[in-house]
Amino acid sequence: MASETLAAIQSLMSEMERSVIGQTAVVEALTMALLCNGNVMLEGLPGTAKTRSIKSLAGLLDADLGRIQFTPDLLPSDVTGTEVYQDIDGEHRLTFQQGPIFNNLVLADEINRSPAKVQSALLEAMEERQITVAGKTYPLPPLFMVLATQNPIEQEGTYPLPEAQMDRFLMKINLDYPEVEAELNIVR
């Protein structure tokens, strides 16, 4: 059983490295976080395969991927979902419409482009694996992982993440541009 599990992990990593060329440390860290059931922050300049790494992991796991593009005008309900007034079979009622947080893997793309109020919409999900909206609690899937990307804080239009948010990440991965040989392989 242990050898089958190890083989599956090695196969996952090998397949990810075929998609995410020159970022072996990132592949190893993402795999470790997955095995530890933890959330991950990926930081690096544009073009360093942050989003590609996450999409590759979701595809190889055959997991649902929810993507949230964090922008200054995003609202917390855009992350969690909200109650919507609907006419169902002639009856008017509020029904909960799930947000993108209700996926196995959630790509919080450029998380530091939104103010803390929106970032905080992830806190309960990341810690307790549930969301509370309008006084009702909704469980998240058993396989649940937030994979956030952020550009370096020196870039214009970014907001630093509060400590309460940073504490929810198992690890922070800093991505650099790949070595010259890896870049040539990417071009090929």
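You'll find the structure just up there.
Residues numbered from 1 in each chain as written. Predicted model: local features only at pLDDT ≥ 70, side-chain atom pairs only at ≥ 80, totals over all residues. Heavy atoms only, no water.

Asker: Any chance you could break down the pairing of strand 7 (residues 136-139) for me, citing the residues and the numbers?
Answerer: Strand direction decides the pairing type here: strand 6 (residues 130-133) and strand 7, joined by 4 bridges, are antiparallel. Bridged to valine 133 within strand 7 is lysine 136. Hairpin connection from strand 6 to strand 7: 2 residues lie between these consecutive antiparallel strands, with alanine 134 at a positive phi of about 55°. (Pairing = 2+ DSSP bridges. Helix = DSSP H or I, 4+ residues; strand = E, 2+ residues; numbered from the N terminus.)

Asker: Go over the side chain of serine 56 with me, naming the residues and quoting the values.
Answerer: Structurally, serine 56 can be placed in helix 3 (residues 50-61). Setting aside anything within four residues of it in sequence, one finds serine 56 in contact with Met16, Ser19 and Val20. (Contact = heavy atoms within 4.5 Å.)

Asker: Which residues make up helix 2 (residues 24-35), and what values go with them?
Answerer: Residues that lie three or four places apart on an α-helix share one face, since the helix turns once every 3.6 residues. Compared with an ideal rise of 1.5 Å per residue, which puts 12 residues at 16 Å, helix 2 spans 17 Å between its outermost C-alpha atoms and is within 8% of the ideal. Residues Val26, Val27, Ala29, Leu30, Thr31, Ala33 and Leu34 constitute the buried set of helix 2. Where the residues of helix 2 are buried, they touch helix 1 (2-19), strand 1 (39-43), helix 3, strand 8 (145-150) and strand 9 (169-174). Of the residues flanking the end of helix 2, it is asparagine 37, one or two places downstream, whose phi is positive at about 60°. (Expected span 1.5 Å × (residues − 1). Buried < 20%, exposed > 50% of the residue type's maximum accessible area, 1.4 Å probe, protein only.)

Asker: Summarise the packing of aromatic side chains; cite the residues concerned and give the values.
Answerer: In the structure shown here, the tally under the stated rule is 3 aromatic pairs. Taking the centre distance of 5.8 Å and the plane angle of 70° together, the rings of phenylalanine 96 and phenylalanine 102 count as edge-to-face. As far as the burial class goes, phenylalanine 96 and phenylalanine 102 line up, both buried. Arranged with centres 6.3 Å apart and planes meeting at 85°, the rings of phenylalanine 102 and tyrosine 138 form a pair that is edge-to-face. Here tyrosine 138 lies in strand 7 and phenylalanine 102 lies in the loop between strand 4 (91-98) and strand 5 (105-109), a separation of 36 residues in the sequence. Among the aromatic residues, those joined into a cluster by ring pairs are Phe96, Phe102 and Tyr138. (Phe/Tyr/Trp six-rings, centres within 6.5 Å; stacked < 30°, edge-to-face > 60°.)

Asker: Run through the environment of leucine 147, naming residues and quoting values.
Answerer: Mapped onto the secondary structure, leucine 147 falls in strand 8. Owing to a relative accessible area of 0%, leucine 147 belongs among the buried residues under this scheme. Here the alpha-carbon distance between leucine 147 and isoleucine 111, two residues 36 residues apart in the chain, equals 9.8 Å. In this view, leucine 147 contacts Leu30, Val40, Ile54, Leu105, Val106, Leu107 and Ala108; residues no more than four positions away in its chain are not counted.

Asker: Provide a residue-level description of the packing of helix 1 against helix 3, including the pertinent values.
Answerer: Following both chains from N to C, one finds helix 1 and helix 3 inclined at 140°, their axes separated by 10 Å at the closest point. Comparing the axis directions of helix 1 and helix 3 gives the class oblique. Two packed elements cross with a definite hand, and for helix 1 against helix 3 that hand is right-handed. Of the residues in helix 3, those touching helix 1 at Leu12, Glu15, Met16 and Ser19 are Arg52, Ser53, Ser56, Leu57, Leu60 and Leu61. The residue inventory of the contact of helix 1 with helix 3, partitioned by class, reads 5 nonpolar, 3 polar and 2 charged. (Axes fitted to C-alpha atoms, helices over the stretch in contact; angles between N-to-C directions. Parallel < 35°, antiparallel > 145°, perpendicular 65-115°, else oblique. Left-handed = near helix turned anticlockwise from the far one by under 90°. Nonpolar A, V, L, I, M, F, W, Y, C, P; charged D, E, K, R; others polar.)

Asker: I'd like a rundown of the pattern of salt bridges, residues and numbers included.
Answerer: It is possible for side chains of opposite charge to pair when their charged atoms get near one another. The tally for this structure, following the rule as stated, stands at 5 salt bridges. Arginine 113 is the salt-bridge partner of glutamate 110, the closest N and O atoms lying 3.5 Å from each other. A relative accessible area of 21% places glutamate 110 in the partly exposed class. Assessed through its relative accessible area of 18%, arginine 113 is described here as buried. (Salt bridge = Lys/Arg side-chain N within 4 Å of Asp/Glu carboxyl O.)

Asker: Could you give me a rundown of the environment of alanine 29, with the residues and numbers involved?
Answerer: Mapped onto the elements of the fold, alanine 29 is located in helix 2. Here the alpha-carbon distance between alanine 29 and isoleucine 173, two residues 144 residues apart in the chain, equals 7.4 Å.

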